[in-house]
Amino acid sequence: MKILVINCGSSSLKYQLIDMKDEEVLAKGNFEKIGLEDSFLTHKVKEKKYTINKKADNHEIAIKTVLQQLTNKEYGVINNLDEISAVGHRIVQGGEFFDKSVLINDDVIKKIKLCIELAPLHNGAAIKGIEACKVAMPGKPMVATFDTAFHQTMPKENYLYPIPLRFYSEYKIRKYGAHGTSYRYVSQRINEIMDKQGKERKIVVCHLGQGASLAAIQDGKVVDTSMGLTPMGGIMMCQRVGDIDPSVITYMMEKENILPRDMVELLNKQSGLLGVTGVSSDFREIEKAASGGDEKAILAIKMYVEKVAEFIAKYMVIMQGIDVIAFTAGIGENQIGVREKICEKLKVFGVQIDKVANNCRGEETKISSENSQIEVWVVPTNEELVIARDTKKLV
Ligand code: ADP
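Worth saying up front: this structure is predicted, and the values here are computed from it rather than measured.

**Student:** Before we go on, may I ask you to explain the overall build of the protein in this structure?
**Tutor:** Helix and strand content of the protein: 14 helices and 14 strands. Radius of gyration (C-alpha) of the protein: 21 Å, near the 21 Å computed for a compact globule of 395 residues. Along the three orthogonal principal directions, the C-alpha set of the protein runs to about 60 × 55 × 45 Å. Looking at the 395 residues of the protein, the share that counts as buried comes to 50%.

Here you go:
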């Protein structure tokens, strides 16, 4: 069985075709700048990379182009589209409607649309991707996997905000979290790697990418996570603000007559590491600046480390202990120095990092020393595989 996994952004379409026999990725790629003049597709088959410059005004043209590459006479990986058994879509926001992946039908589409307000860029794009696949492959079974679904096990005391409760009952304002598909993969991997007796553990996963969050997972269920109503809350991120005193926002708005939508833009795109350093939103650039003595970059990394460590400390209390801390995503898998600094902060909990083992990037590795009271791991995430497995199960 071959499954096509689709992850649509507002101007991008990422995909993987996975053979579920051995979970091998047959081909993958990314269509970028959809809607612009210079849109292009990077398509990879094994180690070979093909760049296709194609003007795609919309996601429908983008998906058609992707399907043409998959069936291409010269480097295609399937003969025709009948070989694709089903399509799995990544959906960012499923609200309170979905606590697991589901087969897509009209009712599911209606509910995904109802969640657009909570994730306008992401859910709007996902709908475009679903519609485009419907046109290109009529009748093909499709599955939706939600980033919020894994977080639906959070208890009320952890997902409600201390605001008048009618805002929850009337508008469903609460913490939803994000990166749930990544948390499912990493926590299951940790349980597989370590588990000899089928015992579930108390795990904190740090998904540190461009967007970043942490989750506390006990007995396979999320008990708390750092992101909130939208992906702007929680830890300081590359460009996003994370949690701050709410009055800072209203004070800034009053001082400079900033409109709500402009404030959202400022807190989403000009804050976090970029806001403090003025250098870049890319962690590699910030690290380079810091090692060159740039004081703002040094400060920004200190702040970042502090925020991550604070959430881990909070989860220590919530779960009454932690067995494993796992790092994943771009920064978590690759930034050796950041992992080391976070673990240094956690010495108080008996965390001891093995600096030699920590000298790794993007590989599944135990990076704590034998004497560490909490095991620390790097586990590269694989959200596409989770979506493909769910899709296989449902069709
Ligand atoms: P997204 O949330 O967009 O999926 P990623 O998980 O790719 O983001 O994370 C992007 C961040 O990871 C960037 O800040 C980048 O600097 C950092 N990163 C990615 N790859 C590396 C690497 N090889 N070495 C160091 N940092 C990396």
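**Student:** What should I look at first to understand unusual backbone geometry in this one?
**Tutor:** It is generally the case that most residues other than glycine have a negative phi and that most peptide bonds are trans. One non-glycine residue, Lys172, lies in the positive phi region at around 60 degrees. Residue position: Lys172 is located in the loop between helix H5 (166-171) and helix H6 (180-194). Its identity as a non-glycine residue notwithstanding, Gln320 has a phi of 55 degrees, on the positive side. Judged by its relative accessible area of 63%, Gln320 falls in the exposed class.

**Student:** What's the story with the nonpolar core in this structure? I'm lost.
**Tutor:** Leu208, Tyr304, Ile312 and Ile325 are the most contacted members of the largest nonpolar core, which has 45 residues in total. At the level of secondary structure, the elements contributing two or more residues to this core comprise strand E9 (202-208), strand E10 (212-218), helix H10 (283-291), helix H11 (295-318), strand E12 (324-328), helix H13 (336-345) and strand E14 (375-378). At eleven residues, H11 tops the list of elements feeding residues into this core. Not counting residues up to four positions away in its chain, the partners in contact with Leu208 are Ile235, Tyr304, Val308, Phe327, Thr328, Ala329, Gly330, Ile331, Gly332 and Ile342. Counting 42 residues, the second largest nonpolar core, distinct from the first, contains Ile78, Val108, Ala136 and Met137.

**Student:** Just to check I follow, could you spell out the site of the ligand for this structure?
**Tutor:** As a matter of local geometry, the ligand sits amid 13 residues, with Gln210, Asp282, Phe283, Gly330 and Gln335 nearest to it. At a separation of 3.1 Å, an oxygen atom of the ligand approaches a polar backbone atom of Gln210. One of the side-chain nitrogen or oxygen atoms of Asp282 is found 2.5 Å away from an oxygen atom of the ligand. About the coverage of the ligand: the protein hides 67% of its 570 Å² of free accessible area. Residue assignment for the shell around the ligand shows that the elements contributing at least two residues are H10 and helix H12 (329-334). No other element matches the four residues that H12 contributes to the shell around the ligand. For the shell around the ligand, the residue count by class is four nonpolar, six polar and three charged.

**Student:** Please clarify how the packing of aromatic side chains should be interpreted in this entry.
**Tutor:** Each aromatic ring pair is described using two quantities: the centre-to-centre distance and the angle formed by the ring planes. Across all of its chains, the model carries seven aromatic pairs by this definition. When the centroid spacing of 6.0 Å and the interplanar angle of 50 degrees are considered together, the rings of Phe311 and Tyr315 count as tilted. With Phe311 and Tyr315 both in helix H11 and four residues apart, the pair spans about one turn of that helix. There is no split in this pair, since Phe311 and Tyr315 are both buried. One aromatic cluster is present, formed by Phe97, Phe98 and Phe146 through successive ring pairs. In this structure, Arg166 is placed above the aromatic ring of Phe167, and the distance from its NZ or CZ to the ring centre is 4.3 Å. In this structure, Lys172 is placed above the aromatic ring of Tyr168, and the distance from its NZ or CZ to the ring centre is 4.7 Å.

**Student:** Mind showing me how you'd approach the sheet that holds strand E13 (residues 365-366) here?
**Tutor:** Sheet strands pair via backbone hydrogen bonds, and the direction of the pair is either parallel or antiparallel. Within the open sheet, the six strands sit side by side as E11-E10-E9-E12-E14-E13. Their pairing is mixed. Strand pairing shows two members of the sheet lacking a second neighbour, strand E11 (221-225) and E13, which therefore form its edges. On top of the sheet, H6 reaches E9, E10, E11, E12 and E14; it is set at about 135 degrees to E9, its chief contact. Its contacts with the sheet put H13 on E9, E12 and E14, and the angle it makes with E12 is roughly 155 degrees.

**Student:** Looking at this structure, how should I read the sheet that holds strand E6 (residues 84-91)?
**Tutor:** As summarised here, the arrangement of the eight strands in space is E5-E4-E3-E2-E1-E6-E8-E7, forming an open sheet in which the pairing is mixed. Among the strands making up the open sheet, the edge pair consists of strand E5 (48-53) and strand E7 (102-103). As paired elements, E6 and strand E8 (residues 142-146) share five bridges and run parallel to each other. Residue pairing across strands places Ile91 opposite Phe146, the latter belonging to E8. Of the strands in this sheet, strand E1 (2-8), E6 and E8 touch helix H3 (residues 120-136), which is tilted by about 165 degrees from E6.

**Student:** Honestly, the side chain of Asn7 in this entry has me stumped. Any pointers?
**Tutor:** By secondary structure assignment, the location of Asn7 is in strand E1. At a separation of 3.5 Å, a polar atom in the side chain of Asn7 contacts the side chain of Arg90. The residues touching Asn7, leaving out its near neighbours within four places in the chain, are Ser12, Leu13, Lys14 and Arg90.

**Student:** Would you mind showing me how to read the environment of Glu24 here?
**Tutor:** Within the fold, Glu24 resides in strand E3 (residues 24-32). Taking the C-alpha atoms as reference points, Glu24 and Leu385, 361 residues apart in sequence, are found 9.5 Å from one another. Apart from residues no more than four positions distant in its own chain, Glu24 is found in contact with Leu17, Ile18, Asp19 and Lys46.

**Student:** Explain the pattern of salt bridges here, please?
**Tutor:** If charged atoms from side chains of opposite charge come close, those side chains can pair. Scanning the model with the defined rule gives 24 salt bridges in all. Arg174 is paired through a salt bridge with Glu96; the nearest N and O atoms lie 2.8 Å apart. Pair noted here: Arg174 is in the loop between H5 and H6 and Glu96 is in the loop between E6 and E7, with a separation of 78 residues, a long-range link. The exposure class of Arg174 is buried, given its relative accessible area of 2%. For Glu96, a relative accessible area of 29% gives the class partly exposed. Three or more residues are tied together by salt bridges with common partners; here these are Glu96, Lys172 and Arg174.

Conventions adopted
Residues numbered from 1 in each chain as written. Predicted model: local features only at pLDDT ≥ 70, side-chain atom pairs only at ≥ 80, totals over all residues. Heavy atoms only, no water. Helix = DSSP H or I, 4+ residues; strand = E, 2+ residues; numbered from the N terminus. Rg over C-alpha atoms; globule rule 2.2 N^0.38 Å. Buried < 20%, exposed > 50% of the residue type's maximum accessible area, 1.4 Å probe, protein only. Core = buried A, V, L, I, M, F, W, Y, C linked by side-chain atoms within 4.5 Å. Contact = heavy atoms within 4.5 Å. Near = heavy atom within 4 Å. Polar contact = N/O pair within 3.5 Å; in protein donor to acceptor, adjacent residues only side chain to side chain. Areas by Shrake-Rupley, 256 points an atom, 1.4 Å probe, with all protein chains shown as cover. Nonpolar A, V, L, I, M, F, W, Y, C, P; charged D, E, K, R; others polar. Phe/Tyr/Trp six-rings, centres within 6.5 Å; stacked < 30°, edge-to-face > 60°. Lys NZ or Arg CZ within 6 Å of the ring centre and 35° of its normal. Pairing = 2+ DSSP bridges. Axes fitted to C-alpha atoms, helices over the stretch in contact; angles between N-to-C directions. Salt bridge = Lys/Arg side-chain N within 4 Å of Asp/Glu carboxyl O.

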